[in-house]
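If you want the building blocks of each chain, they are given just below.
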Amino acid sequence: MNKTGIVRDNRYMDHQAGAFHPESPKRLEVVYSMLDEQDMAGLFQEVPVRRAEQEELLLIHSPEYIDRVASTEGKGPQALDPDTSTSSGSYVAALLAAGGLCQAISMVISGELDNAFALVRPPGHHAERSRAMGFCLFNNAAIGARYAREFHGMKKILVVDWDLHHGNGTQRSLEEDPSILYFSTHQYPYYPGSGAFDQAGRGEGEGFTVNVPLSTGHGNGEYAGIFEKILKPVALEFDPDLILVSAGFDIHENDPLGGMNVTPDGFAGLTRSIMEMAGECCDGKIVITLEGGYDLMGLRDSIKTVLKELAGLSETSSRDMAALADQRKLDYVLAGVHEVHKMFWKSLQA
Ligand SMILES: [Zn+2]
């Protein structure tokens, strides 16, 4: 069994985005109560949660923006974006989300943990340098990737983003940086609008952004096929020292915002696929952070299968899952990625 860490803290529930908002504290309530059930209690090591330091936030965000979010502390609802509002506890929750993830990264790098899952909110992948967006305040995954490099000497970091939505904030923050490879699957065209095949990084970072835009209706087989046939060869060629995952469970078949068909077993397969890559590249070092996912039961059940996979309590075959893919759908996607990325990645030239 692996030593798997979890980041959990009731203060994440103090961020309230407004009545009837899908990104509600209930999301973590159902997940935390699942962790306390008899078959899950005691299996995971809790990571001590801390606030992100200013110097960590500054790896991604502007000082003015950090001040803007800080100014919401203790205040009633403040709208930072049409979809993104704060409550009195939002700033601290956001600091604890980024800081909890950084702490988990630190413990996985040091070997205290084999892998970890940060069960945090607010999510992060839409947050840009100076802008809250799409339910996100600070960009947890982007901060975590830079933190691993700047504070722990990791030379190359892979960020895998399987959330339904494109992580525009993560892409924008990292697109000129060849030390951090950003890979995203997402429903397209859809919010936030970015993430076309030909957005492949800029300047020195050209080739180090891999976008896989998808129409609705992709399920376990297609996702596993994309991971096995695109992500895996690129990841092995890139050879990261650490893999971070922006895990959105809004690709679950029952999600109210999404049109994808992934089931809890599918999430286990994607996790296993990434674990195999990490096993070959970086001693299995994976840290997952929670992004979206708005069907409460789907979120709870899927996080459970991901945690069991991380801990080694189940071993799902991603290859068997990929064999179930609708080949026509998969071929279309593979062709789109190959067209753009064969000039950057030898492993995609065949
Ligand atoms: Zn999402």
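Heads up: these notes are all about the structure in this document.

Conventions we followed
- Residues numbered from 1 in each chain as written.
- Predicted model: local features only at pLDDT ≥ 70, side-chain atom pairs only at ≥ 80, totals over all residues.
- Heavy atoms only, no water.
- Helix = DSSP H or I, 4+ residues; strand = E, 2+ residues; numbered from the N terminus.
- Rg over C-alpha atoms; globule rule 2.2 N^0.38 Å.
- Buried < 20%, exposed > 50% of the residue type's maximum accessible area, 1.4 Å probe, protein only.
- Contact = heavy atoms within 4.5 Å.
- Areas by Shrake-Rupley, 256 points an atom, 1.4 Å probe, with all protein chains shown as cover.
- Core = buried A, V, L, I, M, F, W, Y, C linked by side-chain atoms within 4.5 Å.
- Donors = N, O, S within 2.8 Å, 3.2 Å for Na, K, Ca; no water.
- Tetrahedral: all angles 85-135°; square planar, octahedral: opposite > 155°, others 65-115°.
- Expected span 1.5 Å × (residues − 1).
- Salt bridge = Lys/Arg side-chain N within 4 Å of Asp/Glu carboxyl O.
- Arc of directions from axis to C-beta.
- Axes fitted to C-alpha atoms, helices over the stretch in contact; angles between N-to-C directions.
- Parallel < 35°, antiparallel > 145°, perpendicular 65-115°, else oblique.
- Pairing = 2+ DSSP bridges.
- Phe/Tyr/Trp six-rings, centres within 6.5 Å; stacked < 30°, edge-to-face > 60°.
- Lys NZ or Arg CZ within 6 Å of the ring centre and 35° of its normal.

This next bit is on the overall build of the protein chain. Within the protein chain one finds 11 helices and 10 strands. Computed over the C-alpha atoms, the radius of gyration of the protein chain is 18 Å, within 12% of the 20 Å expected from 2.2 N^0.38 for a compact globule of 350 residues. By principal-axis analysis of the C-alpha atoms, the protein chain measures approximately 55 × 50 × 40 Å. Considering the protein chain as a whole, with its 350 residues, one finds that 63% of them fall into the buried category. When contacts within the protein chain are restricted to residue pairs at least 6 apart in sequence, those whose partners lie at least 24 apart make up 79%. By element, 47% of the accessible surface of the protein chain is carried by carbon and sulfur atoms, the whole surface being about 12,800 Å².

So, on to the nonpolar core. Counting residues in each nonpolar core, the largest one holds 108 residues, and the members touching the most others are Phe117, Phe138, Trp162, Phe183, Ile243, Phe249 and Ile303. Sorting elements by how many residues they give to this core places helix 4 (residues 90-110) first, with 14 residues. Excluding its chain neighbours within four sequence positions, the residues that come into contact with Phe138 are Leu57, His61, Tyr65, Ile66, Val69, Tyr91, Ala94, Leu95, Pro123, Gly124, Ala127 and Ile143.

What follows deals with the coordination of the zinc ion. Taken together, the protein donors to the zinc ion comprise Asp163 (OD), Asp163 (OD), His165 (ND1) and Asp250 (OD), at separations of 1.9 to 2.8 Å. Coordination at the zinc ion comes from four donor atoms whose angles at the metal span 52 to 153 degrees, giving a geometry best classed as irregular. Looking at His165, the relative accessible area reads 7%, which means it is buried. Residue class for Asp250 comes out buried when judged on its relative accessible area of 0%.

Now for helix 5 (residues 140-152). For helix 5, with 13 residues, the first-to-last C-alpha span of 17 Å sits near the 18 Å given by 1.5 Å per residue. Those residues of helix 5 that sit buried are Asn140, Ala141, Ala142, Ile143, Gly144, Ala145, Arg146, Tyr147 and Ala148. Downstream of helix 5 by a residue or two, Gly153 has a phi angle that is positive, lying close to 70 degrees.

Attention now goes to the pattern of salt bridges. Opposite charge on two side chains lets them pair, provided their charged atoms get close. One pass over the full model with this rule turns up 18 salt bridges. Across the salt bridge formed by Arg121 and Glu23, the nearest N and O atoms sit 2.6 Å from each other. In this pair, Arg121 is assigned in the loop between strand 5 (115-118) and helix 5 and Glu23 in the loop between strand 1 (4-7) and helix 1 (26-35), connecting sequence segments 98 residues apart. When its relative accessible area of 0% is taken as the criterion, Arg121 is described as buried. Here Glu23 falls in the buried class, since its relative accessible area comes to 1%. Among the salt bridges present, the one from Glu128 reaches Arg172, with a minimum N-O distance of 3.6 Å. One end of the pair, Glu128, is in the loop between strand 5 and helix 5; the other, Arg172, is in helix 6 (residues 168-174), and 44 residues separate them in sequence.

What follows concerns helix 3 (residues 63-70). Taken residue by residue, helix 3 has Tyr65, Ile66 and Val69 as its buried positions. The buried residues of helix 3 occupy an angular sector of 100 degrees when the element is viewed end-on, so they sit on one face. Each element contacted by the buried residues of helix 3 is listed here: helix 2 (54-57), strand 3 (78-81) and helix 4.

As a further point, take the packing of helix 7 (residues 220-238) against helix 8 (residues 264-281). Between helix 7 and helix 8, whose axes approach to 10 Å, the crossing angle comes to 10 degrees. Put simply, helix 7 runs roughly parallel to helix 8. Seen from helix 7, the contacting residues are Asn220, Tyr223, Ala224, Phe227, Glu228, Leu231, Lys232, Ala235 and Leu236; seen from helix 8, they are Asp265, Gly266, Leu270, Ser273, Ile274, Glu276, Met277, Glu280 and Cys281.

Summarising burial for strand 9 (residues 242-247): six of the six residues are buried, a large majority. Where burial is concerned, the two faces of strand 9 agree: the one with Leu242, Leu244 and Ser246 and the one with Ile243, Val245 and Ala247 are both buried. Pairing between strand 6 (residues 157-161) and strand 9: five bridges, direction parallel. Among the inter-strand pairings, Asp161 is bridged to a residue of strand 9, identified as Ser246. Strand direction decides the pairing type here: strand 9 and strand 10 (residues 286-290), joined by five bridges, are parallel. Counterpart to Ile243 in the pairing with strand 10 is Ile286.

What follows deals with the packing of aromatic side chains. How two aromatic rings sit relative to each other is set out by the distance from centre to centre and by the angle between their planes. Enumeration according to the criterion identifies 13 aromatic pairs in this entry. Between the aromatic rings of Phe135 and Tyr294, the centroid separation amounts to 5.7 Å while the plane-to-plane angle is 85 degrees, which identifies the pairing as edge-to-face. Residue Phe135 is found in the loop between strand 5 and helix 5, and its partner Tyr294 is found in the loop between strand 10 and helix 9 (296-311); the two are separated by 159 residues along the sequence. Accessibility classification places Phe135 together with Tyr294 in one group, the buried group. Between Trp162 and Phe227 the ring centres are 6.5 Å apart and the planes differ by 45 degrees, which places this aromatic pair in the tilted class. Here Trp162, found in the loop between strand 6 and helix 6, pairs with Phe227, found in helix 7; they are 65 residues apart in sequence, far enough to count as distant. Residues Trp162 and Phe227 agree in their burial class; the two are buried. What links up through ring pairs into an aromatic cluster is the set Phe117, Trp162, Phe183, Phe227, Phe249 and Phe267. If you follow Arg8 out to its NZ or CZ, it ends over the ring of Tyr32, 4.8 Å from the centre. In this arrangement the basic side chain of Lys156 is found over the ring face of Phe238, its NZ or CZ atom lying 5.6 Å from the centre.

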